[in-house]
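As a plain string of letters, each chain reads:
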Number of protein chains: 2
Amino acid sequence: MPTLDLATTPLDLPALRDRVDAVLSAFLEKKARAAAEDGHPAVVTAFLRDFLFSGGKRLRPLLCVIGWHAAGGHGTPAPTLRVAASLEMFHAFALVHDDLMDGSDTRRGRPTLHRALAARHRAGRSGASAARLGTNTALLIGDAALVWSDELLHTAGLRPGRLAHVLPLIDAMRTEVMYGQCLDLLATGRPTASTARALAIGRCKTAKYTVERPLHIGAALAGAGPDLRALLSDYALPLGDAFQLRDDLLGVYGDPAVTGKSRLDDLRDGKHTTLVALALARADPTQRRTLRALLGDPGLDERGAGRIRRLLAETGAPAAVEELIRSRCAQAERALDHDAFPPAARTALRELAREAAVRTA
Amino acid sequence: MPTLDLATTPLDLPALRDRVDAVLSAFLEKKARAAAEDGHPAVVTAFLRDFLFSGGKRLRPLLCVIGWHAAGGHGTPAPTLRVAASLEMFHAFALVHDDLMDGSDTRRGRPTLHRALAARHRAGRSGASAARLGTNTALLIGDAALVWSDELLHTAGLRPGRLAHVLPLIDAMRTEVMYGQCLDLLATGRPTASTARALAIGRCKTAKYTVERPLHIGAALAGAGPDLRALLSDYALPLGDAFQLRDDLLGVYGDPAVTGKSRLDDLRDGKHTTLVALALARADPTQRRTLRALLGDPGLDERGAGRIRRLLAETGAPAAVEELIRSRCAQAERALDHDAFPPAARTALRELAREAAVRTA
């Protein structure tokens, strides 16, 4: 009975990651050839390829494939893989625009796309003019990634009825992440003691986008209905919360050599994270005044950041966030205690939950 | 024979424009309600609505509907109208990001979206921080418009097979306009005497995007194949060239009270337009030196712009562009001398070609 075998054979996540990358690579290769034929600039495909292959956990495509298996999908056919790849292409768009909005200098241990493009266009231009061209080209490359994530989806080879089944989930995911980013922007620079608000932002911009929707989309490809999607949400939302909370900690305490990102940006911008909200809620009036003066200071240096880190630690906020992560991951694992998903999918989901709890990048 | 009646009854373009607007308005109304229910910020739908209804010719949706009629479509059913509206939503995305890239202050006679958003978020923030929030929120609202143009398309009520027929054209249009914008960016600040390059940029970012693709998309909705699409291209490409050439002239000589846009931006940025390329090709060495010194000067004022305008006129470039517009529009009209399109569609296309030749905004 091959079906049962497939359901219990562990999913080979590294091999799936390679297959997703192969789809992305072939797609961009084709786009690069078309650009050369049409006299279009090579910079778009070249820099987008560099960006995509400079790192990334491929979490969303993997969750999409696991969602497919959770809903009883067999093997990992080409259309499923291509939809998974389209989620990674969409994520490239989200990251490129996110780095623009945050004015970040580094991502994945390298200059962010707009900085790399500014350097590339430096010759014969003033610094300001090269920086502007870098920003503008990155904006367009982000737009291209969004447009091409659509094209990957439209050309996935799904039966028309199946495509129609998946599109509403894709549309909902995109609207959610845009609102999550917007909530984040509006709260940035004005962090408060409201952990509810911080958690709501993370739910919208990360938990649903990173974990829940990819699982739902993969499951919908295998024909899953609302009941199975609800079971997936019971797992996905607490895990997604944990993922964002870990990100908040890494944004302040992470090792830039490992995360590839600055650990000053969030503090300089004054991001309204759960970590900061908890600290403000627990701080005494003197601590609170100092935190408010330092958080969101665009000139904040490593010394000022060190002061913030000590203050946060004094309030016990980092330990409280660790505790939240532990309980959310445990909640996600408990949500797998049923046999609605085949064993292979369940094992993969359990592994991801354990990794999310302790990841360092 | 009702079919013949429909084919000869003139298309009521103002009424169609209103119907497109009604679709956009209802869509945004629904999005605003959903945002209120989900605790999402109201700023996205409110500012996008203001932007969409502050003006605009609705040229792309109208051409989409005319394309439908040109291919023998009857009436203007709801799915066709909704695809047409999705093109206008996509255009809102393109304009918002375009204004960001150009750093423009005005559009449609009002502050551009990022400027309006900066003003809205000024309270309690520094000017720089409000400007950054304005830019970032506009970037996201542009992204939202792109995502929602997809949603309008996905929920147009097209039969799955018909949707699959149209999606490749939509994907191609989006890739083209992104490359057109990219070519434009890379050439900006470094205009040369190459009219071929200037025309190629306009072909890509305007002629195909504004005229050809909307017609193709509408025709595909009515089941048109490549032959009819080729006939539409014979009309669309010269007309689209003329449209861009008129835009080049209006960007330098237009009346801002009528165009709603600055007539300094293109000169300050040093846009590589056909107008500028022709002037550089025809200028004597002294004129060329002065033009090169003034074009692309970020500090250019109305006096410097006046000098450029006089120099351009001395080379005869504006008159040469007018002549190009006349000949392209005539070419577009000649391309209608056949009876492959029903009379009503042909009449509408002829009218649009005449308007494009002389428009002032």
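The model shown is predicted, which means the values in this text are computed figures rather than measured ones.

**Student:** In this structure, what is going on with the interface of chain B and chain A? I would like to understand it.
**Tutor:** Often, the extent of an interface is quoted as the loss of accessible area on bringing the components together. The interface is formed by 48 residues belonging to chain B together with 48 residues belonging to chain A. Both faces combined, the contact of chain B with chain A buries some 4300 Å², and carbon together with sulfur accounts for 66% of it. The interface formed by chain B and chain A includes 4 salt bridges. Residues D269(B) and R132(A) are paired through a salt bridge, measuring 3.7 Å at the closest nitrogen-oxygen approach. The interface formed by chain B and chain A includes 16 residue pairs in polar contact (both at pLDDT 80 or more). Listing elements by their share of the side of chain B that touches chain A, those giving two or more residues are α2 (13-38), α3 (43-52), α5 (78-102), α7 (127-154) and α8 (160-187) of chain B. Here the element with the most residues in the side of chain B that touches chain A is α7(B); it accounts for 14 residues. Of the residues contributing to the side of chain B that touches chain A, the split by class is 25 nonpolar, 12 polar and 11 charged.

**Student:** I keep staring at helix α5 (residues 78-102) of chain A and nothing clicks. Help me out?
**Tutor:** Because an α-helix completes one turn every 3.6 residues, residues spaced three or four positions apart along the sequence face the same direction. Residues and elements named next belong to chain A. Given a rise of 1.5 Å per residue, 25 residues ought to cover 36 Å, and the 36 Å separating the end C-alpha atoms of α5 matches this to within 8%. Of all 25 residues in α5, 22 are buried; the element is thus mostly enclosed. One or two positions beyond α5, positive phi appears at G103, with a value near 60 degrees.

**Student:** Whenever I open this one, the domain arrangement of chain A confuses me. Can you help?
**Tutor:** Residues and elements named next belong to chain A. On domain assignment, one finds that chain A holds domain 1 (10-157) and domain 2 (159-361). Computed from C-alpha atoms alone, the centre-to-centre distance between domain 1 and domain 2 is 22 Å. Facing 36 residues of domain 1, the contacting portion of domain 2 comprises 40 residues. Summed over both sides, the interface between domain 1 and domain 2 buries roughly 3000 Å², with carbon and sulfur atoms accounting for 69% of that surface. At the boundary of domain 1 with domain 2, the tally comes to 2 salt bridges. Summed over the shared surface of domain 1 and domain 2, the result is 11 residue pairs in polar contact (both at pLDDT 80 or more). Of all the secondary structure elements, the ones that give two or more residues to the side of domain 1 that touches domain 2 are α4 (59-70), α5, β1 (106-107) and α7 (127-154). Split into classes, the residues belonging to the side of domain 1 that touches domain 2 amount to 17 nonpolar, 11 polar and 8 charged.

**Student:** I keep staring at the side chain of T273(A) and nothing clicks. Help me out?
**Tutor:** Residue and element names in this part refer to chain A. Considering the arrangement of structural elements, one finds T273 in the loop between α12 (265-269) and α13 (274-282). With relative accessibility at 10%, the residue T273 sits in the buried group. In contact with T273, not counting residues within four places along its chain, are A198 and D248.

**Student:** What am I meant to see in the packing of helix α3 (residues 43-52) of chain A against helix α6 (residues 113-120) of chain A here?
**Tutor:** Axis angle and axis distance: for two packed helices, these are the angle between their axes and the distance between the axes, and together they describe the pair. Residues and elements named next belong to chain A. It is at 11 Å that the axes of α3 and α6 come closest, and there the two elements cross at 135 degrees. With respect to each other, α3 and α6 are oriented oblique. Our pair here, α3 against α6, has a crossing hand that is right-handed. Mapping the contact onto sequence places V43, F47 and F51 in α3 and L113, A116, L117 and R120 in α6. Looking at side-chain class alone, the contact of α3 with α6 contains 6 nonpolar, no polar and 1 charged residues.

**Student:** What am I meant to see in the nonpolar core here?
**Tutor:** Generally speaking, a soluble globular protein has its nonpolar side chains buried in company with each other. Of all hydrophobic cores here, the largest spans 234 residues; its most connected members are M89(A), W148(A), Y235(A), M89(B), W148(B) and Y235(B). Sequence-distant contacts of M89(B), defined by excluding residues within four places in its chain, comprise L24(B), F27(B), L28(B), L48(B), L52(B), A145(B), W148(B), S149(B) and L152(B).

Reading guide: rules and limits
Residues numbered from 1 in each chain as written. Chains lettered and ligands numbered in written order. Predicted model: local features only at pLDDT ≥ 70, side-chain atom pairs only at ≥ 80, totals over all residues. Heavy atoms only, no water. Contact = heavy atoms within 4.5 Å. Buried area = accessible area lost by both parts, 1.4 Å probe. Salt bridge = Lys/Arg side-chain N within 4 Å of Asp/Glu carboxyl O. Polar contact = N/O pair within 3.5 Å; in protein donor to acceptor, adjacent residues only side chain to side chain. Helix = DSSP H or I, 4+ residues; strand = E, 2+ residues; numbered from the N terminus. Nonpolar A, V, L, I, M, F, W, Y, C, P; charged D, E, K, R; others polar. Expected span 1.5 Å × (residues − 1). Buried < 20%, exposed > 50% of the residue type's maximum accessible area, 1.4 Å probe, protein only. Domains from an automatic or database assignment. Axes fitted to C-alpha atoms, helices over the stretch in contact; angles between N-to-C directions. Parallel < 35°, antiparallel > 145°, perpendicular 65-115°, else oblique. Left-handed = near helix turned anticlockwise from the far one by under 90°. Core = buried A, V, L, I, M, F, W, Y, C linked by side-chain atoms within 4.5 Å.

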